[in-house]
Amino acid sequence: MRCGVIGAVSDEVTLLFEELKASGSPVKASLRGNLEFHEGTLRGCPAVVVCCGVGKVNAALCAQILISDFAVDAIVNTGSAGGLAEGLAVLDMVVATDAVQHDFDVTAFGYPPGQIPGTDSPFWPADPGLRAAALKAFERSGKAPERRMVPGRVASGDAFVTEASMRERIARDFAPACVEMEGAAVAQVAAVNRVPFAILRSISDLAGHEATMSYEDFAVQAAHTSAGVVMEMLGILAST
Ligand code: ADE
């Protein structure tokens, strides 16, 4: 299986780039537009790693290039997120059951929040096999014993969520485990192309008034935590 791995910012892919280089297999970098794709092997799994930039358009563009130009069989999106699920703490992890675009709104024409005309549901289901591999990887990743990975919905939108009103609307409309800015765009592109996908996120903040400060303190640690689990996951995928 050739796996595409997408992170939005450099901290989310640095460890993956380092591991690609350390693998001993050749690494090939190629540009498409402003995006640099790094092909190599991660823990025995053929992989293409790329930093897509923040937001849904960047993520969608990147996912389509991974599929069209690099013929990946699966896409994994890694990074940080704001936690919404009850009891979720900073540096816990979420693995997506499904993803939704919380800022997509044609409710004026009778569609449910998040639903895109021409589709049957606002929710894009993640691949169950990849999700199981992510959970197994988390167990193997030597994480601190108090940390956990929970399966749940990922809500994505082109906004860093800090305001109570926005957080409450997203929670009411979608009941997500976390919010971030790319996963559901990757999900839509992957689903349209019938490519399985997974979203792994480590919690950097709780999407409230503390979010900016908490993100500044924990984003790097969260990014590295998620990347570490992705590497473990690719090892599992390579051996199955
Ligand atoms: N990524 C990390 N924290 C986030 C937040 N609060 N809102 C959107 N994306 C995030």
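It should be noted that the structure appears before, not after, this text.
These remarks concern the structure in this document.

Basis of the calculations
- Residues numbered from 1 in each chain as written.
- Predicted model: local features only at pLDDT ≥ 70, side-chain atom pairs only at ≥ 80, totals over all residues.
- Heavy atoms only, no water.
- Helix = DSSP H or I, 4+ residues; strand = E, 2+ residues; numbered from the N terminus.
- Polar contact = N/O pair within 3.5 Å; in protein donor to acceptor, adjacent residues only side chain to side chain.
- Buried < 20%, exposed > 50% of the residue type's maximum accessible area, 1.4 Å probe, protein only.
- Pairing = 2+ DSSP bridges.
- Near = heavy atom within 4 Å.
- Areas by Shrake-Rupley, 256 points an atom, 1.4 Å probe, with all protein chains shown as cover.
- Nonpolar A, V, L, I, M, F, W, Y, C, P; charged D, E, K, R; others polar.
- Axes fitted to C-alpha atoms, helices over the stretch in contact; angles between N-to-C directions.
- Parallel < 35°, antiparallel > 145°, perpendicular 65-115°, else oblique.
- Contact = heavy atoms within 4.5 Å.
- Disulfide = S-S within 2.5 Å.

Looking now at the environment of Asp105. Counting through the fold element by element, Asp105 comes out in the loop between strand S6 (93-101) and strand S7 (124-125). Here the alpha-carbon distance between Asp105 and Glu180, two residues 75 residues apart in the chain, equals 17 Å. Here Thr107 takes part through its side chain, which lies 2.5 Å from a polar atom of the side chain of Asp105.

As a further point, take the pairing of strand S10 (residues 197-205). Along S10, nine of the nine residues are buried, which leaves the element largely enclosed by surrounding structure. Taken together, the eight bridges between strand S5 (residues 74-83) and S10 define a ladder with parallel strand orientation. Paired with Val76 across the strands is Ala198, a residue of S10. In this structure, S6 lies alongside S10, joined through three bridges in antiparallel fashion. For Val94, the partnering residue across the bridge sits in S10 and is Arg201.

A separate point is the site of the ligand. Taken together, 13 residues sit near the ligand, with Gly82, Phe160, Val161, Glu180 and Asp205 positioned nearest. Here a nitrogen atom of the ligand and a backbone polar atom of Gly82 are 3.2 Å apart. Between the ligand and the protein, one listed contact pairs a nitrogen atom with a backbone N or O atom of Val161 at 2.8 Å. Against a free-state accessible area of 260 Å², the protein chains account for coverage of 97% of the ligand. Put simply, the parts of the chain that give the shell around the ligand at least two residues each are S5, strand S9 (178-180) and S10. Broken down by element, the shell around the ligand gets its largest block of residues, three residues, from S5. Grouping the amino acids of the shell around the ligand by side-chain chemistry returns eight nonpolar, three polar and two charged.

The subject of this paragraph is the packing of helix H1 (residues 14-22) against helix H6 (residues 211-238). The geometry of H1 relative to H6 is characterised by a closest axis approach of 8 Å and an angle of 40 degrees between their N-to-C directions. When the axis of H1 is compared with that of H6, the two are oblique. Of the residues in H6, those touching H1 at Leu15, Leu16 and Glu19 are His224, Ala227, Val230 and Met231.

Right, let's talk about the state of the cysteines for a bit. In total, this model carries zero disulfides according to the counting rule given. There is no disulfide at Cys3, and the cysteine sulfur nearest it, in Cys45, is 5.3 Å away. By relative accessible area, which is 0% here, Cys3 ends up buried. Note on Cys52: no disulfide assigned, nearest cysteine sulfur contributed by Cys62 at a separation of 5.1 Å. With relative accessibility at 2%, the residue Cys52 sits in the buried group.

Turning to unusual backbone geometry, a few remarks are in order. At Arg43, a position not held by glycine, the phi torsion is positive, near 50 degrees. Structurally, Arg43 can be placed in the loop between strand S3 (35-42) and strand S4 (45-51). Since its relative accessible area comes to 37%, Arg43 is described here as partly exposed. Positive phi outside glycine occurs at Arg194, with the angle close to 55 degrees. Take Arg194: it is sitting in the loop between helix H5 (183-192) and S10.

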